[in-house]
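Below are the chains, spelled out letter by letter.
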Amino acid sequence: MSSSKPLSRAAESLKRATSSVGGTIRTLRGSGKEAGNRPGNPKKSGKTRKLHPAAVWAEAVGTAGEFLAPAWEKVRALWLRFVWPVLSVVSLLGWVVLAAAIGLWWAGQAWGWQEAKSAAMVAFLLFVLAVGFIVGRSAYGVVLDLARTRVAVGDDAVGSIAVSNVSTRPLLPAALELPVGANTAVFHLPRMKPAQVHEDLFTIPTARRAVIVVGPVRSVRADPLHLLRRRVLWTEPVDLFVHPRTVALGGSAAGFIRDLEGMPTTELSSADVSFHALRDYVPGDDRRHIHWKTTARTNKLMVRQFEETRRAHLAIALSTNTDEYDSEAEFEMAISVAASIGRQAISEQRDLDVLTQKGPLRCETGRNLLDDMTRIVGAPMRKTAVDLARTLSDTVPNASVVFFVVGSHVTATQLRSASASVPPGVRSLAVRVQPGAAPSRANIADLTVLTVGDLDDLAIVLRKAAA
C-alpha cells in the first residue's frame, strides 16, 4: 500500500499536467478559428501559441519530486543508519591523513616514487591499528544527577556523574565527555572491575542568566593519534535554568501590589462591599438589602446600592529593545527588576500579566515566570517602549496597576507617550534602570517614574511610590 500511494499521486499529477496542456492548446486553437471566421479578418493558418518552457519544467520537476521522494527517504534512512555511524568516527585529522595517504600512493604510482608509496602504506597501517582501539563494546551504567535544575545567578550549580561497570569483565581506562553549553568537560575513568562504581563531582559556573544544556554524557574511545574517535551516548540532556537574580519585596515595599478590594469603581451593583447610596425599591431586588430605618421614615421601600469593587490586576511591560539600554548589565538589571515585581505579585496571589515586544510570558507560577525570563534574548528592534505600552493597553484592558520597565535611553517624552496609552483610572509607574544612579522618584503627568541604580534599591524606591 505504501509503494502504490506515491505512484498514484505521481500519475494524478502527470494527468493534471497533461490535461492542462491539452486544454490550453484547445483553447488557443478555438480562439484562432473564431478570429479567422470573423468578417473582415483574413483566414489565419493553424498556428498556436507555444507554452512557456518554465511552466512545463516546473510541472515536470514537481512530478519527479513526488515520484522520487519515497526512494530518497529510504536512501537517507539507510545512510543515517549504516554509513554515517562509520564515517563519523573519523576525526578531522584522520581525514587529512587519509587524503594525504591516497595522494602519496597516487603520486608513487604515477612517477614511481617508492618513498611516497612507503609513506602511504605507513598511513594506512596507522588507520588499521587505530581501528583496534575503538572496536568492542563498553558496558557502563551512567547516572547524571544535577542537585538543582533551577538556580539563580551567582548560586552554585553542583552535579555528579556516577559510572558503574555492569559487565562481568574489567573495563580498560576510558574518558567521558560532558557537554555543558558550548563547552565540554572531560572525566577520566580508571580501570574498573565488575560492579565497581566511580563518581565525579562537578560545578557549573552561573555568572550570567542562561539556559544551559548539560549532557548527554558520552564515552569516547580513541587511538593515541586521535585519527578515529568513537562516541557512545549514555544519558539524555538536561536543561539547567540560571534564573535572573531577584530581591524580596517585603513590608511596605510591597504595598503597591496590595489587594484593591474595597476600592470603588464607576460601575454600580446591587450586591457588593462598598456602599454607594439608597434608591427606591424595584420589584426583583433582594429584600436583604432593604434599609428598614429609611423605609420607616419615608414610608416607602428603600434599598441599598453598592459600587463594584475589584481585585488588583498587575501588568508589567518589559522592553527588550537593547537600543534603549546603555549596556548589557543595564538590560540584565531591568529583567531582574521585572522578575522581582512579578514574583512578589504571584506570591501574594495577584492577577499578573507580563509582556515584551516578542509577546507575553507565562505567569501561572513563579517558576514559569522565571523560566520565561531566563529565555529572554534582547535585540535591537523597531518597536520601542511606547509601542509596547500601546500593545499592553490592548492586551490587558482590565489592568489596575501598570509597570513600565525601561532603560536609561528612554526619554521623558517617550514615557509621557507611554503613559498616555494607559486607560484612565489605572495607576501607572515606570521603573527606569540606570546602574550607579541614586534611587529617586519623579512625576510626569499621572506617571510615577522610579529610578533604580542597583537591584537592592528596588525596595527603597517602591516604598517611595507607596508613600
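Enquirer: How should I be thinking about the sheet that holds strand 6 (residues 197-204) in this particular structure?
Expert: Hydrogen bonds between backbone atoms are what pair the strands of a sheet, whose relative direction is either parallel or antiparallel. An order of 1-3-6 is seen for the 3 strands of this open sheet, with the pairing classed as antiparallel. Only two strands of the sheet have a single neighbouring strand rather than two, namely strand 1 (140-146) and strand 6. Within the sheet, the average angular offset between the axes of one strand and its neighbour, ignoring direction, is 15 degrees. Relative to strand 3 (residues 157-165), strand 1 runs antiparallel, the two sharing 7 bridges. When the bridges of strand 3 are listed, Leu144 appears paired with Ile161.

Enquirer: Honestly, the sheet that holds strand 20 (residues 447-452) in this entry has me stumped. Any pointers?
Expert: Spatially, the 7 strands line up as an open sheet ordered 16-15-14-17-18-20-19, and their pairing is mixed. On the outer flanks of this sheet lie strand 16 (359-360) and strand 19 (440-444), each paired with one strand and no other. Of the strand pairs in this sheet, strand 19 and strand 20 are connected by 5 bridges, and their pairing is antiparallel. In the sheet register, Ser440 faces strand 20, and the bridge partner there is Thr451. Contacting strand 14 (313-318), strand 15 (351-356), strand 17 (401-406), strand 18 (427-433) and strand 20, helix 6 (residues 328-347) runs over the sheet at an angle of about 170 degrees to strand 14.

Enquirer: What exactly am I supposed to notice about the UniProt feature "transmembrane region" (unreviewed entry) in the protein chain here?
Expert: The residues that UniProt annotates with the feature "transmembrane region" (unreviewed entry) are residues 82-107 and 119-140. The span residues 82-107 carries 85% helix and 0% strand; its end-to-end C-alpha distance comes to 32 Å. Helix makes up 73% of residues 119-140 and strand makes up 5%, while its end C-alpha atoms are separated by 39 Å.

Enquirer: Mind showing me how you'd approach the packing of helix 6 against helix 7 (residues 366-375) here?
Expert: Geometry of a packed helix pair, given as the angle between the helix axes and the separation of the axes. Closest axis-to-axis distance for the helix 6/helix 7 pair is 10 Å, and the angle between their directions is 170 degrees. Classed by the angle they form, the pair helix 6 and helix 7 counts as roughly antiparallel. Of helix 7, the residues touching helix 6 (which contributes Ile335, Ala338, Ala339, Gly342, Arg343 and Ile346) are Gly366, Leu369, Leu370 and Met373. Residue composition of the contact of helix 6 with helix 7, grouped by class: 7 nonpolar, 2 polar and 1 charged.

About the thresholds
Residues numbered from 1 in each chain as written. Predicted model: local features only at pLDDT ≥ 70, side-chain atom pairs only at ≥ 80, totals over all residues. Heavy atoms only, no water. Pairing = 2+ DSSP bridges. Helix = DSSP H or I, 4+ residues; strand = E, 2+ residues; numbered from the N terminus. Axes fitted to C-alpha atoms, helices over the stretch in contact; angles between N-to-C directions. Contact = heavy atoms within 4.5 Å. UniProt positions renumbered as here; feature names shortened; annotations may be inferred. Parallel < 35°, antiparallel > 145°, perpendicular 65-115°, else oblique. Nonpolar A, V, L, I, M, F, W, Y, C, P; charged D, E, K, R; others polar.

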